[in-house]
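One letter stands for each residue in the lines below.
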Amino acid sequence: MKRPQAPRHETVVFSSLNLATVHLVRSTLTREGIPSRIRRDHLGPLAGETPMDDARAELLVPDAFVAEATAVIDAARQADVSDRPCPACGEANPATFEICWQCGADLDEDADG
Ligand SMILES: [Zn+2]
């Protein structure tokens, strides 16, 4: 008999109301070779094509990778002194980020002003 994928122990290493931010963090982890997945506290099993409203998204990594993932995320947060302040909320974001860590606003827009 088949069983659904055995739930492994996973830990939330990052979460945000902004799904794009979570994807961004996830891609950072992926670059470092850390497996992760995104879980949304949303409508349940059929999430997939669901429009990303206000649902909180969580980034989970297997327990074995938690320390590493946390370090990567920390490093990304602190990367450089050249933080970019968010035009929308003022949060300082690492220069490697293209969107705001906090609110998901586009940090690259330098046209206005
Ligand atoms: Zn922001």
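For the structure itself, consult the block above.
This structure is a prediction, so every number in the text was calculated from the model and none was measured. (Residues numbered from 1 in each chain as written. Predicted model: local features only at pLDDT ≥ 70, side-chain atom pairs only at ≥ 80, totals over all residues.)

## Quick word on the sheet that holds strand E3 (residues 57-62)
What counts, and what does not: Any two strands between which DSSP finds at least two bridges are classified as paired. For the purposes of this entry, the term helix denotes a DSSP run of H or I that reaches at least four residues, the term strand denotes a run of E that reaches at least two, and both are numbered from the N terminus. To get an axis, a line is fitted to the C-alpha atoms, and for a helix only the part in contact is used. The angle between two axes follows their N-to-C directions and goes from 0 to 180 degrees.
Overall, antiparallel pairing links the 3 strands, which are arranged E1-E3-E2 in an open sheet. Of all the strands in the sheet, just strand E1 (10-16) and strand E2 (37-40) have a single pairing partner and so form its edges. Pairs of neighbouring strands in the sheet enclose a mean axial angle of 35°, with direction left out of account. Of the strand pairs in this sheet, E2 and E3 are connected by 4 bridges, and their pairing is antiparallel. Residue pairing for E3: Arg37 is matched across the bridge by Leu60.

## Details of helix H1 (residues 19-31)
Filter applied, for reference: Helix span, as expected, comes to 1.5 Å for every residue beyond the first. Note on burial: count the other C-beta atoms lying within 10 Å of the residue's C-beta; 20 or more is buried, 12 or fewer is exposed, in between is partly exposed, and C-beta positions come from the backbone.
With 13 residues, H1 extends 18 Å from end C-alpha to end C-alpha; this agrees with the ideal 18 Å at 1.5 Å per step. Buried residues of H1: Thr21, Val22, Leu24, Val25, Arg26, Thr28 and Leu29, and no others. Of the residues trailing H1, Gly33 is marked for its positive phi of about 80°.

## Brief notes about the nonpolar core
Applied cut-off: Here a nonpolar core is just a set of buried residues of the types Ala, Val, Leu, Ile, Met, Phe, Trp, Tyr and Cys, joined wherever their C-beta atoms sit within 7 Å. Boundaries of every domain are those given by an automatic assignment or by a domain database. By the convention adopted here, residues make contact when the C-beta atoms placed from their backbones lie within 7 Å.
Counting 20 residues, the largest nonpolar core has Val25, Val61 and Ala69 as the members making the most contacts within it. Broken down by secondary-structure element, the contributors of at least two residues to this core are E1, H1, E3 and helix H2 (66-78). Residues from two domains meet in this core; each of domain 1 (10-78) and domain 2 (81-113) gives at least three. Among residues more than four places away in sequence, those in contact with Ala69 are Val13, Leu29, Ile34, Ser36 and Val61.

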